[in-house]
Amino acid sequence: MKKLLLSTLVLATVFFMGCKDDAATSPKTGGASSSSITVAEANVALYTKLTATWCPPCGAWGWDLSKEINEEIESEGTAIGLGVYGSTTSKMTNSTAVAFFSDFGGSGYPNFALNGSDLTERSESGGIFPATTKTNIVDGAMEFASTPVQMGIGGKTSLVDGILNVDLAVKPFADQEGDFYVAAYVVEDKVLEEQASQTGMVEHHNVLRGSVNGETYGVAFTGDLSAGMQTDLETMDYGVDPEWNQDNISVVAVVWKKEGNKYTFVNSTHIQ
């Protein structure tokens, strides 16, 4: 996606500065199936705010910017938003969040990424342009939504007595080649926690809690890669932390493609 050129008005704005950061079962393919899981032929992008609870800008202009981005992508239905606490010294951090910060090009907090790529608009001096950053994310999600769907993912979940059950299905909409991985991420909404630049305990939305099977990018998908052939995956179980609000737990499922040592984003869905 081409980034927008900074206009004279934007160049005249004050630069915004960021902060610097000084066992579940694995799914197994079950063959092509016409199960109760529906896999929509739609591209849904993944927006991540890479953040930390100790970071003042994350709770000030970064807090407002992310809220604006989430409201727009949710109203358009083009992307899923996650709060990724990627600093090892932040509250609500976890190994998946730390890996995402590193892999998505994070160089400080806050950082704004789409589909695993940093789209934060920075100046040469390190300042951040919030308006252009928002445009990069929103337009990028819309552009992704309009491209032909290569592979979709769907699923269903249940949460009983602290055990989260996740069933997923993958369906190519065009013949595919390569190494694909399927991941399920546990998300908790409305987490009450402190945040620098905010007062007292505040709600943190769509917090990434971790990967269901413990692997950052899930497990290898070895099902049929022919167009239209759906493959259901074996149920995955995850023990939910008793301190989390189970009423606010959901799952974000993502398909990744491994190319060398890098995992590139393919598609996602939010299972509530």
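Keep in mind that this is a model prediction, so the values were computed, not measured.

**Considerations on the pattern of salt bridges**
Piece 1. As enumerated under the stated definition, the model contains six salt bridges in all.
Piece 2. Across the pair Glu72 and Lys134 runs a salt bridge whose closest N-O atoms are separated by 3.5 Å. Linking Glu72 in helix H3 (residues 61–76) with Lys134 in helix H5 (residues 130–145), this pair joins segments that are 62 residues apart in sequence.
Piece 3. Take Glu72: its relative accessible area is 26%, and that puts it in the partly exposed class.
Piece 4. Of the charged contacts, one joins Asp118 and Arg122 as a salt bridge, the two residues approaching to 2.8 Å between their closest N and O atoms.

**Some points on the packing of H3 against H5**
Piece 1. For the pair H3 and H5, interaxial distance at closest approach is 10 Å and the crossing angle is 25°. The orientation of H3 with respect to H5, classified from their angle, is roughly parallel. The handedness of the crossing between H3 and H5 comes out as right-handed. Together, Trp61, Leu65, Glu68, Ile69, Glu72, Ile73 and Glu76 of H3 and Pro130, Thr133, Lys134, Ile137, Val138 and Met142 of H5 make up the contact between the two elements.

**Let's talk about the packing of aromatic side chains**
Piece 1. For the structure shown, the criterion picks out 13 aromatic pairs.
Piece 2. Each ring, one from Phe100 and one from Tyr217, has its centre 6.0 Å from the other, and the planes form 50°; the classification is tilted. Highlighted residues: Phe100 in helix H4 (residues 95–103) and Tyr217 in the loop between strand E11 (207–211) and strand E12 (219–221), separated in sequence by 117 residues. Accessibility assignment for this pair places Phe100 and Tyr217 in one class, buried.
Piece 3. Ring centres of Tyr181 and Tyr263 lie 5.3 Å apart, and the angle between their planes is 90°; this geometry places the pair in the edge-to-face category.

**Brief notes about the side chain of Arg209**
Piece 1. Along the polypeptide, Arg209 turns up in strand E11.
Piece 2. On the basis of relative accessible area, Arg209 is assigned to the buried category, the value being 15%.
Piece 3. Dropping the residues within four chain positions of it, Arg209 is found in contact with Met92, Asn94, Val186, Glu188, Val191, Tyr238 and Trp244.

**Quick look at the pairing of strand E2 (residues 45–51)**
Piece 1. The buried fraction of E2 is high, at seven of seven residues.
Piece 2. Along E2, one buried face is formed by Ala45, Tyr47, Lys49 and Thr51 and the opposite face, lined by Leu46, Thr48 and Leu50, is buried too.
Piece 3. Across seven bridges, E2 lies against strand E3 (residues 79–85) in parallel orientation. The partner of Leu46 across the bridge, within E3, is Ile80.
Piece 4. Note that E2 and strand E4 (residues 111–114) share four bridges and pair antiparallel. Bridge pairing in E4 places Thr48 opposite Ala113.

**Structural notes on the confidence of the model for the chain**
Piece 1. Of the residues in the chain, 87% have a pLDDT of 70 or more, and the chain-wide mean is 89.
Piece 2. Considering only residues more than four positions removed or in separate chains, one finds that residues 1–16, a stretch of pLDDT under 50, has 30 contacts.
Piece 3. Below a pLDDT of 50 lies the segment residues 21–34, which in the model reaches 40 contacts outside its immediate sequence neighbourhood of four places, other chains included.

**Describing the nonpolar core**
Piece 1. Core analysis: the largest hydrophobic core is formed by 40 residues, its most contacted members being Phe100, Tyr185 and Trp256.
Piece 2. For this core, the secondary-structure elements that each account for two or more residues are E2, H3, E3, H4, E4, H5, strand E8 (179–188) and strand E15 (249–259).
Piece 3. Ignoring anything within four residues of it in the chain, the contact list for Trp256 reads Phe100, Phe104, Asp179, Phe180, Tyr181, Ala183, Tyr185, Tyr217, Tyr263, Thr264, Phe265 and Val266.
Piece 4. Of all hydrophobic cores here, the second largest spans 24 residues; its members include Leu168, Leu225, Leu233 and Val266.

**Here we look at the environment of Ala40**
Piece 1. Among the structural elements, Ala40 can be located in the loop between strand E1 (29–32) and E2.
Piece 2. Ala40 sits in the partly exposed class, given a relative accessible area of 46%.
Piece 3. Here the alpha-carbon distance between Ala40 and Gly152, two residues 112 residues apart in the chain, equals 6.4 Å.
Piece 4. Not counting residues within four places of it along the chain, the set of residues in contact with Ala40 comprises Gly152 and Phe173.

**Describing unusual backbone geometry**
Piece 1. The residue after Tyr109, namely Pro110, is reached through a cis peptide bond having omega -10°.
Piece 2. Secondary-structure assignment places Pro110 in the loop between H4 and E4.
Piece 3. Here the phi dihedral of Asp161 falls at roughly 50°; this positive angle occurs in a residue that is not glycine.
Piece 4. Tracing the backbone shows Asp161 in the loop between strand E6 (151–160) and strand E7 (163–172).
Piece 5. Located in the positive-phi region is Lys190, a residue other than glycine, with phi close to 55°.
Piece 6. Mapping Lys190 onto the fold places it in the loop between E8 and strand E9 (191–193).

Criteria and thresholds
Residues numbered from 1 in each chain as written. Predicted model: local features only at pLDDT ≥ 70, side-chain atom pairs only at ≥ 80, totals over all residues. Heavy atoms only, no water. Salt bridge = Lys/Arg side-chain N within 4 Å of Asp/Glu carboxyl O. Helix = DSSP H or I, 4+ residues; strand = E, 2+ residues; numbered from the N terminus. Buried < 20%, exposed > 50% of the residue type's maximum accessible area, 1.4 Å probe, protein only. Axes fitted to C-alpha atoms, helices over the stretch in contact; angles between N-to-C directions. Parallel < 35°, antiparallel > 145°, perpendicular 65-115°, else oblique. Left-handed = near helix turned anticlockwise from the far one by under 90°. Contact = heavy atoms within 4.5 Å. Phe/Tyr/Trp six-rings, centres within 6.5 Å; stacked < 30°, edge-to-face > 60°. Pairing = 2+ DSSP bridges. pLDDT = per-residue confidence, 0-100. Core = buried A, V, L, I, M, F, W, Y, C linked by side-chain atoms within 4.5 Å.

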